[in-house]
Amino acid sequence: MVAQTQAHPPHVTEVKEKIDFILDKMKDSFPEKAVVTAGMPYANGPVHIGHLAGTHVPADIYSSFLKLLIGNENVLFVCGTDDHGSTSEVAAKKVGKSTREFIDEIHSRQAQTMKSYGIDLDVYTGTSREENYETHKEICQDFLRDLYKNERLDKRTSLQWFDEKASMFLPDRYVTGTCPKCEAPGAYSEECDSCGANYEAKELKEPISSVTQTTPELKETDHWYLNMWKATDQLCEWLEGNQKTWRKNLLTEVLGTVRTTFIFSNTHEDSYKEIKEDLPEHKSRYAPGKKVALTFKCLNDLEKASQELKARGFDIELLDAWAHRSITRDVSWAIPVPEEIDETMKGKTLYVWPESLIAPISFSKLALKNKGKDPQDSDLYWKNPKAGRYQFLGQDNIFFYVLMQGSMWLGTQKDPKRLPVAGEYQMTDIFSNYHLQINGAKMSKSKGNFFTGDQLIAPKEDGGMGYHPDQIRYFLSILSLTEKNSNFDEEILKERNKFLAGPLNAAFEKPISACHSKFKGQIPEGDLIGKTAKETQKIIPNYIKMMKKGDYAKILFAIENYARVINGLFSVYKPHDDRGDDKERADALYSCFYILKNVMIMLSPFAPVTMEKLRISLNLPEESLSLKELGVPLMPGHTIHEQSDYFPAVSE
Ligand SMILES: [Zn+2]
């Protein structure tokens, strides 16, 4: 008898085999190990809804999905505060605190907010924190050494404000004066907020140092510029290989920047047309300023064409402004450059942008150490071609995460003129998100539509907005931030929350309630009935495909429809009504629990707290949160627990 109640009907086994067959075919595209990271918040303020929407929530969902896919033990999810540079220093000065004290306070508040939202990080540290700093500094300095050795650092001299009294170079934001164009006070070193003008620092009138209130002077200073131009061929090759997996808008933007291009005056257009066919393969277009732009497949082709045209008197100008960025600063609160490379660079520090690109590597080491593993195992994630690296960030930062990071990674290789091999830093997959607007406008403190993460979930009686973190996570996931700027509209959020508390909760509650009232709290023997098998076989591969791409909105819509099958089964077969056909009622309830378990697994990355409640109601072990468990039914005779409060009710 026992053996009989333990067996699943042949039909269920058949469906599971079909699912496993599809999953097996997809397996080659699963990473062996994965590290997920999200744009690091500056250590100068709280985590706000923009951070959560654009980076931390989508990254957490991705990391949870990967854990379902390849197991908790193979996924690292790391983040921390971006501590260095003038931003945190200025913010600390403003409130009269030491930089350390200020950063520590911000950090612990940010970490608490992440936790409240169920952002399940393996480590939330910071670039300057004691537990991480030494390792991080070492990695940063190694990067500089390798880049130097591979001739990817060009030393250039520029003019920088110097405060004699404080005996320090001043970051641009430390200097204000009168705008040379509109005479407005409070203009910055190279730009005026009043009239929007850009100008050279030496044009600023009556400059004042905000450190000592004295007049600063412009002094020459040397800095290293990262040469990304030399990496263009490899960057193109890498990016073109991502056509199938990356978001189109992101690729279009970075490829538009990185493809090697020069321009010349359109007065040469006729003679260009004469020799066009003899030049290496290229695309031509008109460019602003009465120019013609030619884009080539690789640096070599561009150089050949450039020589050819120069010999004919063309005024060739490279479009390479993007490819030379200064990556050192005269700021003291930062990582010092390794002195032994170049003595004249003593006292210079690494700019915070490249520093923050490197930071997730030391974060990974720390996460491994905290798990009692060898920090050196971080190579299994960062330098292993079979592992995956996934970075979530805001759309306006893609230049840094794609082109600067790509160039830096390539620049550390033994041979930087090819893509990385095993044992070298592997390229990272990028997931960028557009901006979140609040109730139709750009988020701004002065307009009063700036929400911190804490404010949204604090109880109403404490002046908060009283949302449940799962409601916010779910809502942020259905916005199309991957495609365009989207709006955080409280009315639409309310509608969505009504749906969660209504039809979706009903899909959880109906089977559980019917099971307790009519089936003694035990899963009946049964078979898959109605659309159950067909819809299950359809949604599981779709789920994996869309989740891998980070297409959360589309898959949530599909999961919601799948959950509706439960409501459908209830209206047709009425398992809660014992006047109906017993066999059909048992089949329907069996099918409902089959769907419910699949829904629980698939929604767990989006609404972890609520799905945990559902898991407890279903009396399933933690291990059931795995993609391997998709399509595995609850055993007939399995006892479930009581119903719980799932998504919160919405008051009118
Ligand atoms: Zn102005």
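Residues numbered from 1 in each chain as written. Predicted model: local features only at pLDDT ≥ 70, side-chain atom pairs only at ≥ 80, totals over all residues. Heavy atoms only, no water.

## With respect to the overall build of the chain
Reasoning step 1: Counting its secondary structure elements, the chain contains 20 helices and 20 strands.
Reasoning step 2: Here the C-alpha atoms of the chain give a radius of gyration of 29 Å, agreeing with the 26 Å that 2.2 N^0.38 yields for 652 residues.
Reasoning step 3: A principal-axis box enclosing the C-alpha atoms of the chain has dimensions of 90 × 65 × 50 Å.
Reasoning step 4: Contacts in the chain between residues far apart in sequence, at least 24 positions, make up 74% of those at least 6 positions apart.
Reasoning step 5: Only carbon and sulfur atoms are counted for the fraction: they give 49% of the accessible area of the chain, which is about 29300 Å². (Helix = DSSP H or I, 4+ residues; strand = E, 2+ residues; numbered from the N terminus. Rg over C-alpha atoms; globule rule 2.2 N^0.38 Å. Contact = heavy atoms within 4.5 Å. Areas by Shrake-Rupley, 256 points an atom, 1.4 Å probe, with all protein chains shown as cover.)

## Looking at the domain arrangement of the chain
Reasoning step 1: Segmentation of the chain into domains returns domain 1 (3-10 + 490-629), domain 2 (28-149 + 350-487) and domain 3 (155-225 + 326-345).
Reasoning step 2: Just the C-alpha atoms count here: the centres of domain 1 and domain 3 sit 60 Å apart. (Domains from an automatic or database assignment.)

## Re the side chain of H48
Reasoning step 1: Tracing the chain through its elements places H48 in the loop between β1 (34-38) and α3 (49-70).
Reasoning step 2: Residues contacting H48, with those up to four places away along its chain left out, are M443, F450, F451, T452 and G453.

## Overview of the packing of helix α6 (residues 130-149) against helix α11 (residues 352-370)
Reasoning step 1: The interhelical angle for the contact between α6 and α11, taken along N-to-C directions, is 130 degrees, at an axis separation of 9 Å. Judged by the inter-axis angle, α6 sits oblique to α11. The handedness of the crossing between α6 and α11 comes out as right-handed. Along its contact with α6, which presents E131, N132, T135, H136, I139, C140 and F143, the element α11 presents E355, I358, A359, I361, S362, F363, K365 and L366.
Reasoning step 2: Broken down by class, the residue content of the contact of α6 with α11 amounts to eight nonpolar, four polar and three charged. (Axes fitted to C-alpha atoms, helices over the stretch in contact; angles between N-to-C directions. Parallel < 35°, antiparallel > 145°, perpendicular 65-115°, else oblique. Left-handed = near helix turned anticlockwise from the far one by under 90°. Nonpolar A, V, L, I, M, F, W, Y, C, P; charged D, E, K, R; others polar.)

## Let's talk about the sheet that holds strand β6 (residues 175-178)
Reasoning step 1: Taken together, three strands build an open sheet; the order of strands is β7-β6-β8 and the sheet is antiparallel. Only two strands of the sheet have a single neighbouring strand rather than two, namely β7 (187-188) and β8 (205-209). (Pairing = 2+ DSSP bridges.)

## A word on the packing of aromatic side chains
Reasoning step 1: What the rule picks out here adds up to 28 aromatic pairs.
Reasoning step 2: Relative to Y390, the ring of Y62 has its centre 5.1 Å away and its plane inclined at 50 degrees; by these criteria the two rings are tilted. Linking Y62 in helix α3 with Y390 in strand β17 (residues 388-394), this pair joins segments that are 328 residues apart in sequence.
Reasoning step 3: The class for Y62 is buried, based on a relative accessible area of 3%.
Reasoning step 4: Relative to F488, the ring of F475 lies with its centre 5.6 Å away and its plane at 80 degrees, an arrangement referred to as edge-to-face. Placement of F475 in helix α15 (residues 469-478) and of F488 in strand β20 (residues 486-488) is noted, with a sequence separation of 13 residues between them. (Phe/Tyr/Trp six-rings, centres within 6.5 Å; stacked < 30°, edge-to-face > 60°. Buried < 20%, exposed > 50% of the residue type's maximum accessible area, 1.4 Å probe, protein only.)

## Concerning a negative patch on the surface
Reasoning step 1: Judged by side-chain charge, D172, E190, E191 and D193 come together as a negatively charged surface patch.
Reasoning step 2: Position of E191 among the secondary structure elements: in the loop between β7 and β8. (Patch = residues over 30% accessible without salt bridge, like charges linked within 9 Å, V, L, I, M, F, W, Y side chains within 5 Å. Salt bridge = Lys/Arg side-chain N within 4 Å of Asp/Glu carboxyl O. Lys, Arg positive; Asp, Glu negative; His and termini not counted. Charge placed at Lys NZ, Arg CZ, Asp CG, Glu CD.)

## Considering the coordination of the zinc ion
Reasoning step 1: Coordination of the zinc ion by the protein involves C179 (SG), C182 (SG), C192 (SG) and C195 (SG), with metal-donor separations of 2.3 Å.
Reasoning step 2: Seen from the zinc ion, its four donor atoms lie at angles of 108 to 113 degrees, and the figure they make is tetrahedral.
Reasoning step 3: All donors to the zinc ion come from one chain, and their sequence spacing reads C-x2-C-x9-C-x2-C. Here C179, found in the loop between β6 and β7, pairs with C192, found in the loop between β7 and β8; they are 13 residues apart in sequence, far enough to count as distant. Each member of the pair, C179 as well as C192, is classed as buried. (Donors = N, O, S within 2.8 Å, 3.2 Å for Na, K, Ca; no water. Tetrahedral: all angles 85-135°; square planar, octahedral: opposite > 155°, others 65-115°.)

## Regarding the environment of S364
Reasoning step 1: Tracing the backbone through its elements, the reader meets S364 in helix α11.
Reasoning step 2: With a relative accessible area of 0%, S364 lands in the buried category.
Reasoning step 3: Sequence spacing of S364 and D379 is 15 residues, and the spatial spacing of their C-alpha atoms is 9.5 Å.
Reasoning step 4: Not counting residues up to four positions away in its chain, the partners in contact with S364 are V35, L76, V78, S378 and W382.

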